[in-house]
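# Structural overview
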Amino acid sequence: MFRVDDTIVAIATPQGRGGIGVVRVSGPGAPQVAAALAGRCEPLEPRRATFARVLGAHEAADQAILTWFPAPRSYTGDHVVEISAHGSPVLLRAIVQAALGHGARLAEPGEFTFRAYLNGRIDLVQAEAVRDLVEAVTPLQARAAFDQLEGTLTGRIVEIDRALLDLVARLEASLDFPDEGYHFLEPAGVADGLSAIVARLDGLLAHAAAGRLVREGVSVAIAGRPNTGKSSLFNALARADRSIVTALPGTTRDLVTETIDLDGVPVTLVDTAGVHADPADEVEQEGISRAVATRAVAAAVLIVLDLSRALTADDAATLASTRSIPRVIAANKSDLPHAWDHRLCGLEDAVVVSAATGAGLADLRAMLVAALTGRESLRDVPAVTNVRHVELLTRARGALERARVSAADGTPEEFVLLDISEARACFEEITGPRGADDVLHAIFDRFCIGK
Ligand code: GDP
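Conventions adopted
Residues numbered from 1 in each chain as written. Predicted model: local features only at pLDDT ≥ 70, side-chain atom pairs only at ≥ 80, totals over all residues. Heavy atoms only, no water. Phe/Tyr/Trp six-rings, centres within 6.5 Å; stacked < 30°, edge-to-face > 60°. Helix = DSSP H or I, 4+ residues; strand = E, 2+ residues; numbered from the N terminus. Buried < 20%, exposed > 50% of the residue type's maximum accessible area, 1.4 Å probe, protein only. Lys NZ or Arg CZ within 6 Å of the ring centre and 35° of its normal. Pairing = 2+ DSSP bridges. Contact = heavy atoms within 4.5 Å. Near = heavy atom within 4 Å. Polar contact = N/O pair within 3.5 Å; in protein donor to acceptor, adjacent residues only side chain to side chain. Areas by Shrake-Rupley, 256 points an atom, 1.4 Å probe, with all protein chains shown as cover. Nonpolar A, V, L, I, M, F, W, Y, C, P; charged D, E, K, R; others polar.

### Comments concerning the packing of aromatic side chains
- By the definition in use, this model includes three aromatic pairs.
- Look at F114 and Y117: their rings are 6.2 Å apart centre to centre, the planes differ by 40 degrees, and that puts the pair in the tilted class. Residue F114 and its partner Y117 are both found in helix 3 (residues 111-118); the two are separated by three residues, about one turn of the helix. The burial state of F114 is the same as that of Y117; both residues are buried.
- Note on Y117 and F444: the rings are 6.0 Å apart at their centroids and 40 degrees apart in plane angle, and the pair reads as tilted. Of this pair, Y117 sits in helix 3 while F444 sits in helix 15 (residues 437-444), and the two are 327 residues apart along the sequence.
- Y117 gets classed as buried once you look at its relative accessible area, which sits at 8%.
- Owing to a relative accessible area of 0%, F444 belongs among the buried residues under this scheme.
- A cation sits over an aromatic face here: R24 above Y75, 4.6 Å from the ring centre.

### Some remarks on the pairing of strand 2 (residues 18-26)
- Sheet topology places strand 1 (residues 8-11) next to strand 2; four bridges connect them, and they run antiparallel. Looking at the pairing, I8 lines up with S26 of strand 2.
- From the end of strand 1 to the start of strand 2, which pair antiparallel, there are six residues, and G16 there has a positive phi angle of about 105 degrees.
- Where strand 2 meets strand 5 (residues 80-87), eight bridges bridge the pair, whose relative direction is antiparallel. Residue pairing for strand 5: V23 is matched across the bridge by I83.

### A word on the environment of A330
- Turning to its location among the elements, A330 is positioned in strand 11 (residues 327-332).
- For A330, a relative accessible area of 0% corresponds to the buried category.
- As for A330 and G229, which are separated by 101 residues in sequence, their C-alpha atoms are 9.9 Å apart.
- In contact with A330, other than residues within four places in its own chain, are L233, L302, I303, V304, L305, V351, V353 and L364.

### A closer look at the site of the ligand
- The immediate surroundings of the ligand are formed by 16 residues, with N227, K230, S231, S232 and D335 found nearest.
- At 3.0 Å, a backbone N or O of G229 approaches an oxygen atom of the ligand.
- A distance of 3.1 Å separates an oxygen atom of the ligand from a polar side-chain atom of K333.
- About the coverage of the ligand: the protein hides 83% of its 580 Å² of free accessible area.
- Its residues placed into classes, the shell around the ligand shows five nonpolar, eight polar and three charged.

This is the structure:
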């Protein structure tokens, strides 16, 4: 998918101005490109930060720090030179352009990491972890990605695969010496061995749903009739004044979103128009349609009721239409005199809150986490977060379960081996020593340039 024998260059730091901007060069010609940029005849000293005047295109020059990481001990496994210059977009582009003039080519998105993968510096899980780490928006996401970068998930898969390989060796030995009887391993022993391995996979997959939430984030729609305090609660949760708060009913006609860190899960709160049976005009009607559509795709709905006023038919309709989906009910305005009691209305699970004073907000957050993850909190970093890994692990589990049943039934070893090898192929696809082209595309195309 990419050429791998030439020298690539890109700005590695984000667009815009900063104290420092980094240009990265990788490939066989990197030391020469760097020496040319620094106006030197000799290559730089390896692994030493070297202060030099760098000349970019159009005579744009800067004082920069250049570091040469000789192959293979570099990020990509090829020669890499990193040039830390002042973080001016004009200057960094001029340096890149000069590097192009010295024989480098502009890197495609993800191409540095792709080279690291091809050179065996990292496996596919780690390449995906690099992207997740760069894109993390909550500390828990970053921790999960870092664990995968460190090889925690790969290590656990390798361990499981090693146990399988041990079974495979003994089953194959049985095939090779059919006269010895069954054989090097009793069928029941094989089934037990496979059970233990399936249990290990189950352990990995147990928190996969929560892991996916952590990696991908979810949206929560805020619903309720007008004026119950949806926008106020949205703001209180987002701790920012993004939404219009007003005493006039029906003013939130468009969708307003804010992503918050809810116990490590990036949750996009969607403040929707108050849904009620009698919209004033077409604009409000449109807002209500969008609110209903948003609710349909959200992972959970936060229903806001007004404790200071009697419940209405609109409240009842909202409660009825969300009965079978994950939801949290907030009885808001607890600071005002109560017009009803949630325990007496069959709403024992409602959280009593006040957007105005902040009372009950911590409970509300905890209830939201529980509604989204099925757990009180996500204290442990989930090992599996990526849907690609979840699917392959699930497929492997299915194949191993089939192998276990076959072994328990005393089915000939060939059939057991077939299912085991399907499971092992899934493991291989996760860590990806030989990734298929479309898988590689799907992964590396989503990288940013310079990574
Ligand atoms: P929305 O139409 O449901 O989005 O409701 P808003 O957030 O715009 O709030 C409607 C009115 O209720 C505003 O005047 C808010 O200041 C007020 N309000 C919202 N939450 C509370 C609360 O917890 N306590 C009190 N006393 N007033 C609140």
